[in-house]
Amino acid sequence: MATVSMRGVRKSYGGALEVIQGIDMEIADGEFIVIVGPSGCGKSTLLRMVAGLEKITGGEIAIDSRVVNNLEPKDRDIAMVFQNYALYPHMSVYENMSYGLRIRGMSKTEIDERVKRAAGILEIGQYLDRKPRQLSGGQRQRVAMGRAIVREPKAFLFDEPLSNLDAKLRVQMRVEIKKLQRQLGVTSIYVTHDQVEAMTMADRLIVMNKGVAEQIGTPIEVYAAPSTLFVAGFIGSPAMNFLETRVSSDGRLAIDGAALSPKTGLDPGRAVTVGIRPEHLATGGGLDVQVELVELLGADTLVHGRLSDGKSLVVRLPGNQVPTAGDRLPVQAYDGAWHLFDTETGKRLGTA
Amino acid sequence: MVENRPWLTAFSHLVVILGVLIIAFPVWMTFVASTHDASTMLRSPVPLLPGPYLIQNYKEILFQGYARTSGIPLTIALMNSMIMALGICIGKILISITAAFAIVYFRFPFRMAAFWAIFVTLMLPVEVRIVPTYGVVAGLGMINSYSGLIIPLIASATATFLFRQFFLSVPDELAEASRVDGAGPMRFFVDILLPMSRTTIAALFVIQFIYGWNQYLWPLLVTNHESFYTAVMVVARQATAVDATPSWNLIMAAAMLAMLPPVLVVVFMQRQFVRGLVETEK
């Protein structure tokens, strides 16, 4: 159990290409941090730098206020769960879980005790003699977790551990990992590209894009007040609608001609991008949407349509409201649901 | 096959049986010849069924040898062959697996150059470099020694290449997981890589044992003392003995015995051999 600090962490391969461009982050003891972003954003690289599998080009990483930049993975006192589990195929589950402890020269009785305890927590006690290939995906996942738990490390590192599982198992394991982390209270860093995992598991999120941490905050903060256009578009499903417009002379926004004109405190003439989540739109008043496609999800109805100025818009309605394609649908937004971003820099300006 | 066509089945069997007969007949003749006395084998027609001298012939060749040429008992030659074959085979595996480990898992300068240098030697058959090799071995005083028989044949580009390909197919995460678990490179090699490559090792063992056992040209060059002759050499020398009627019964008994160890290796390691070449267990 420990704190993890990243201070100006950078990574580049051969100078030119910088894949991590300076990350600053303080992770508190016992916190569950999720790093989320599209593929190629550097999230796995960052995790591997914490693990010690990638060299740190600049800045420093400290675990429990001890700088670990030049320490081997084994000396960092961390445990890692890999995407493909990386179980040793020729070893039984028991041997897989105890391998790290055996290397550390722990006594047989203590190893046995720890493995049995971890197997009990993960409910894999009856599989200890099996080889990994005799286990299902979910069981392998548990064994990989077990291998991490028995070490009793200062931090758990998860590299997309659920992406090889089917959808149902993924939901189940998601809940279990979260519960387990609560129970053990071990500081954890979890990398995923799945925003549902990110939202449900994280104490705090790091949303990464192109080697930069776009926003660090609790899931609700990130959802309610995305700090950049990228974060706004990445978190939330279906994605936020964006409409480019300008602030008019009276400080209001003209959306869809002037059908809606929420008030802002911004300078007139400024180019802004207005974001509105599909779930924050409802029928009635204001905007006039030409319905093009309707997706029925049962609980919800997703309406894909166009505003009269030709911009596309997605509206999420309750499942009992089913417009047909070709209809005109009057739509309004909840107050304060409009997110304003600077069109040029992508930075958040506020709500309206 | 789903269809039941009795004539086709019969025909296929006929072809297979014919093939087996063609391959097995010389072996059978060798065996038959090794069970008669010398004079029967020089008369025609040559017998097609085993005779009564089996034990006597084998006893003579094993413990007294073929008096007309070398005169050393075949047991010594078999022993020499065994030492040479095992030496070459184990040596090849040890050297090539460590070489492949270095090439795949370590980043050192000229890594690829080293790999290509090894790979290029594949293109050179032993015969091309046999004279300079002999010069070196003679200069080191290794003529008439087991080290002289084994060491020059111990490097193997093929095996290195095979192990390299296998190591490349092992997921990187395994190496990383073992690093996180605290295993150093050698620990990883011994605890994880070696057990995982056991089928590949078994396949190579079979191939290289036969290769080592069947060496003829090199032992012929590097030994001139009878106590270092290998079984294959002895068989060949018997047949070409001058100024004497060959004792086919003894020659064939020696041939049978020289054939036996590779056959046993194949029979007992067949399963691992096939798995090593076909299956990739990950």
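It should be noted that the structure appears before, not after, this text.
Right, let's walk through the structure included here. Just so it is clear, the model here is predicted, and its values are computed rather than measured.

### Quick notes on empty space enclosed by the protein
According to the stated counting rule, one finds two cavities of 30 Å³ or more in the structure shown. For the largest cavity, the calculated volume is near 70 Å³. What lines the largest cavity is A:A79, A:M80, A:F82, A:Y88, A:A144, A:R147, A:A148, A:R151, B:A177, B:V180 and B:D181. Put simply, the parts of the chain that give the lining of the largest cavity at least two residues each are β6 (78–81) and α4 (137–150) of chain A together with α9 (172–181) of chain B. Residue composition of the lining of the largest cavity, by class: eight nonpolar, no polar and three charged.

### Quick word on the sheet that holds strand β11 (residues 241–246) of chain A
Residues and elements named next belong to chain A. An order of β11-β12-β17-β18 is seen for the four strands of this open sheet, with the pairing classed as antiparallel. Looking at strand neighbours, the two that pair on one side only are β11 and β18 (348–351), the edges of this open sheet. The mean angle between the axes of side-by-side strands here comes to 25 degrees, regardless of whether they run parallel or antiparallel. Across six bridges, β11 lies against strand β12 (residues 271–276) in antiparallel orientation. Looking at the pairing, T245 lines up with V272 of β12.

### Details of the layout of surface pockets
In this structure, the largest pocket occupies an estimated 980 Å³ of space. In terms of lining residues, the largest pocket is bounded by 33 residues, among which A:L53, B:Y105, B:R107, B:E176 and B:R179 are the most central. Counting only elements with at least two residues in the lining of the largest pocket, the list comes to α4 (74–105), α5 (111–120), α8 (157–169), α9 and α10 (185–196) of chain B. The class makeup of the residues in the lining of the largest pocket is 16 nonpolar, five polar and twelve charged. Put simply, the second largest pocket is a space of about 530 Å³. If you trace the second largest pocket, you find 22 residues lining it, with B:K92, B:A155, B:S156, B:A157 and B:T158 closest to the centre. For the lining of the second largest pocket, the secondary structure elements donating two or more residues are α4, α8 and α11 (198–213) of chain B. Among the residues making up the lining of the second largest pocket, the classes are represented as 15 nonpolar, five polar and two charged.

### Structural notes on the packing of aromatic side chains
Aromatic rings in a pair are described by how distant their centres are and how their planes are angled relative to each other. Residue and element names in this part refer to chain A. Applying the stated criterion to the full structure yields 23 aromatic pairs over all chains. Summarising the aromatic geometry, the rings of F230 and F234 are spaced 5.6 Å apart at their centres and angled 15 degrees between planes, so their arrangement reads as stacked. Highlighted residues: F230 and F234, both in helix α8 (residues 229–234), separated by four residues, approximately one helical turn. Residue F230 is classed as partly exposed on the basis of its relative accessible area of 23%.

### Topic: unusual backbone geometry
Residues and elements named next belong to chain A. With an omega of -5 degrees, the peptide bond between S237 and P238 qualifies as cis. Within the secondary structure, P238 is located in the loop between α8 and β11. Residues other than glycine seldom take positive phi values, yet E123 does so here, at roughly 55 degrees. In this fold, E123 is placed in the loop between α3 (108–122) and α4. On the accessibility criterion, E123 (58% relative accessible area) is exposed. Even without glycine at this site, E152 takes up a positive phi of about 50 degrees. Assignment of secondary structure puts E152 in the loop between α4 and β7 (155–159).

### Some details on the pattern of salt bridges
Counted according to the given criterion, the structure contains 25 salt bridges over all chains. Here A:E176 ties to A:R142 by a salt bridge, and the two come within 3.2 Å at their closest N and O atoms. With A:E176 in helix α5 (residues 167–184) and A:R142 in helix α4, the pair connects residues that are 34 residues apart, well separated along the chain. The residue B:D181 makes a salt bridge to A:R151 at a minimum N-O spacing of 3.5 Å.

### Describing the interface of chain A and chain B
Taken together, the contact pairs 24 residues of chain A with 19 residues of chain B. Surface buried jointly by chain A and chain B totals about 1,900 Å² across both partners, of which 58% is contributed by carbon and sulfur atoms. At the junction of chain A and chain B, the tally comes to three salt bridges. One salt bridge connects B:E176 with A:R48, and the closest N-O pair in it is separated by 2.7 Å. Summed over the shared surface of chain A and chain B, the number is ten residue pairs in polar contact (both at pLDDT 80 or more).

### What about the environment of B:G65?
By secondary structure assignment, the location of B:G65 is in the loop between α3 (54–63) and α4. Of the residues examined, B:G65 reaches a relative accessible area of 2% and is grouped as buried.

### Notes on the side chain of B:H36
All names here are of chain B. If you trace the backbone, H36 turns up in the loop between α1 (6–33) and α2 (38–42). A distance of 3.3 Å separates a polar atom in the side chain of H36 from the backbone nitrogen of G51. Apart from the residues lying within four places of it in its own chain, the contact partners of H36 are M41, P47, L49, P50, G51, Y53, N57 and N249.

### Some details on the packing of α11(B) against helix α14 (residues 248–278) of chain B
All names here are of chain B. One way to put it is that α11 packs onto α14 with a least axis distance of 8 Å and a crossing angle of 155 degrees. When the interaxial angle is binned, α11 and α14 end up roughly antiparallel. Of the two elements, α11 crosses α14, and the hand of that crossing is left-handed. The segment α11 lies against α14, with R198, T199, T200, A202, A203, F205, V206, I207, F209, I210 and W213 engaging A258, P261, P262, V265, V266, M269, Q272, F273, R275, G276 and L277. Class assignment of the residues belonging to the contact of α11 with α14 gives a composition of 16 nonpolar, four polar and two charged.

### Details of the side chain of A:R151
Counting through the fold element by element, A:R151 comes out in the loop between α4 and β7. Look at A:R151 and you get buried, because its relative accessible area is 8%. Of note is the side chain of A:R151, whose polar atom sits 3.2 Å from the backbone oxygen of B:V180. Ignoring sequence-local partners within four residues, the contact set of A:R151 consists of A:I78, A:A79, A:G100, A:L101, A:R104, A:R114, B:V180 and B:D181.

### Quick word on helix α6 (residues 130–139) of chain B
Residue and element names in this part refer to chain B. Every buried residue of α6 is listed here: I130, T133 and V137. Along the axis of α6, the buried positions cluster into a sector of 60 degrees, meaning they face one direction only. Structural note: α6 exposes V131, P132, V136 and G139 on the side pointing more than 90 degrees away from its buried face. Along its buried surface, α6 packs onto α7 (146–150) and α12 (217–222). Of the residues one or two after α6, G141 is the one with positive phi, at around 70 degrees.

Cut-offs and rules
Residues numbered from 1 in each chain as written. Chains lettered and ligands numbered in written order. Predicted model: local features only at pLDDT ≥ 70, side-chain atom pairs only at ≥ 80, totals over all residues. Heavy atoms only, no water. 1 Å grid on protein atoms, 1.4 Å probe; cavity = no way out; pocket = protein on both sides within 12 Å on 5 of 7 lines; lining within 4 Å. Points joined across faces, edges and corners; volume = space filled by probe spheres on them. Helix = DSSP H or I, 4+ residues; strand = E, 2+ residues; numbered from the N terminus. Nonpolar A, V, L, I, M, F, W, Y, C, P; charged D, E, K, R; others polar. Pairing = 2+ DSSP bridges. Axes fitted to C-alpha atoms, helices over the stretch in contact; angles between N-to-C directions. Phe/Tyr/Trp six-rings, centres within 6.5 Å; stacked < 30°, edge-to-face > 60°. Buried < 20%, exposed > 50% of the residue type's maximum accessible area, 1.4 Å probe, protein only. Salt bridge = Lys/Arg side-chain N within 4 Å of Asp/Glu carboxyl O. Contact = heavy atoms within 4.5 Å. Buried area = accessible area lost by both parts, 1.4 Å probe. Polar contact = N/O pair within 3.5 Å; in protein donor to acceptor, adjacent residues only side chain to side chain. Parallel < 35°, antiparallel > 145°, perpendicular 65-115°, else oblique. Left-handed = near helix turned anticlockwise from the far one by under 90°. Arc of directions from axis to C-beta.

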